[in-house]
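# Overview (structure and organization)
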Amino acid sequence: MKLDPLSLRLFVAVMEENTIARASAREHIAASAASRRLSELEGALRVELFTRSNRGVEPTAAAYALLNLARGVLNDMDGIASQMRDYASGTRGHVRVVANISAITQFLPSELQSFLARHPQVDVRLQEQISSAIAHSVAENAADVGILNDGSYGERVTLLPYRSDELVLVVPAQHALARRKAVRLAEVLHHDFVGMHPGSAINHQLMRAAGEAGLPLKLRIQVTGYDALCLMVACGLGIGVMPRGSAQLYRGALAVRTVTLAEPWAHRQLALCVRSCESLSSVARLLVEHLRAPAGAAP
C-alpha cells in the first residue's frame, strides 16, 4: 500500500475545515481534484472515510481514527524536510506549542526568548487555546507541548509541573473596593462582572464558587483577552478576575487596581502537557526541560 502525503494532508484539511470546498481552497487544489484524491485514499485504505450526500460529507469512525495517525505522519515528514532544508542556516527543528492566556501573558515571553537565544536552530510555533482544547490538541498530535491549568484531562496526556499563579480581583481605580487589601468572592458578587470568553477556566471557577456561595454570577460582558477585560473595568463597566502577573501589565497604563482574593482556589498551578515524555522529539524535549527549570535558572 502506497499512501500519498498530499492526500493525507488534504484529508486532515477536510477534517479540520469540515467541507471539501474550504479544504481544497486551503490546500490550493480544485475541489474536483480534492474529491478524487479522497476517493483514491479510501481505495488505498479499503475503508470508507466519508459518507457523501447532497448536504456534503460526514466523517466516519474510521476517519477520526485516521486523523491522529495522519497528523503524526505529516508532522514527522515536515520535521524531516525542515531539518534537512534548513540545516545549513541553523534551523534544525520545530516545536508546536499551545498554551492558555495565563501562561502566554505571564511566563512564556521571557522563557521563550531565553530558550531561542540559547537554541536559535529551533523554531517554536505558539498558539493560544483554552485548557480543555490544549489537552485535546496534544492528545490528537496537533501540538507537541501544551501549557494549561493543572487538572484531570484523561489518560491520553501526561502533565508535568510548571508554574503557579494567583487570581486577583481587578476594579476601577476610583471604586470603593480599590481601598480594600483583600476580599472574599461572596462579598463582591452583587457587582457586575467583566468575564472571559465562554469555556475559560476562570469563568468556570467563578461560576462554581458563586454556586457554592448560593449567589448568582452577574456576567455583564465577556471578552477574549485580559487587555480587553482591563479596558472594560477601567471604564467602570464591571469588575473582573485575572492572574496577578497579567494584571501588572495594565496597572500603569489603565486606571485599574488589584485586590487580593482571599480564596484557596485563587492560587493555581499550571502544568506542561505532553502525550508522553518518551514520544517527545529531541527539540521538544529540549524545550520542556527549559520550561521545567526553576524561574530565572539556566537549564
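A short tour of the structure in this document, coming up. The model shown is predicted, which means the values in this text are computed figures rather than measured ones. (Residues numbered from 1 in each chain as written. Predicted model: local features only at pLDDT ≥ 70, side-chain atom pairs only at ≥ 80, totals over all residues. Heavy atoms only, no water.)

## Considering empty space enclosed by the protein
Short version of the rule: Of the two site types, the cavity is a set of points on a 1 Å grid over the protein atoms alone where a 1.4 Å probe fits but cannot get out, and the pocket is an open set with protein on both sides within 12 Å along at least five of seven lines, each lined by residues with an atom within 4 Å of a point. Grid points are joined across faces, edges and corners, and a volume is the space filled by probe spheres set on the points. Elements are defined by DSSP. Helices are runs of H or I of four residues or more, strands are runs of E of two residues or more, and each kind is numbered from the N terminus. The classification used treats Ala, Val, Leu, Ile, Met, Phe, Trp, Tyr, Cys and Pro as nonpolar, Asp, Glu, Lys and Arg as charged, and all other residues, Gly among them, as polar.
Overall, the coordinates contain 2 cavities of 30 Å³ or more when judged by the stated rule. Together, 15 residues line the largest cavity, and Asn100, Ile101, Ile130, Ser200 and Ala201 are the ones closest to its centre. Within the residue set of the lining of the largest cavity, elements represented by two or more residues are α5 (101-106) and α8 (201-213). Among the residues making up the lining of the largest cavity, the classes are represented as 6 nonpolar, 7 polar and 2 charged. Volume-wise, the second largest cavity comes out at about 30 Å³. Broken down by secondary-structure element, the contributors of at least two residues to the lining of the second largest cavity are β8 (193-196), α8 and β10 (240-243). Take the lining of the second largest cavity: its biggest share by element is 4 residues, from β8. Across the lining of the second largest cavity, the residue classes break down as 7 nonpolar, 3 polar and no charged.

## Quick word on unusual backbone geometry
Selection rule: A simple rule labels every residue: compare its accessible area, found with a 1.4 Å probe on the protein chains alone, to the largest value its type can have, and call it buried under 20%, exposed over 50%, or partly exposed in between.
Although it is not a glycine, Arg46 sits at a positive phi angle of roughly 60°. If you trace the backbone, Arg46 turns up in the loop between α3 (31-45) and β1 (50-53). The backbone of Asn141 shows a phi angle near 65°, a positive value even though the residue is not glycine. Summarising the element assignment, Asn141 is placed in the loop between α7 (131-139) and β5 (145-149). Residue classification places Asn141 among the buried residues on the basis of a relative accessible area of 9%.

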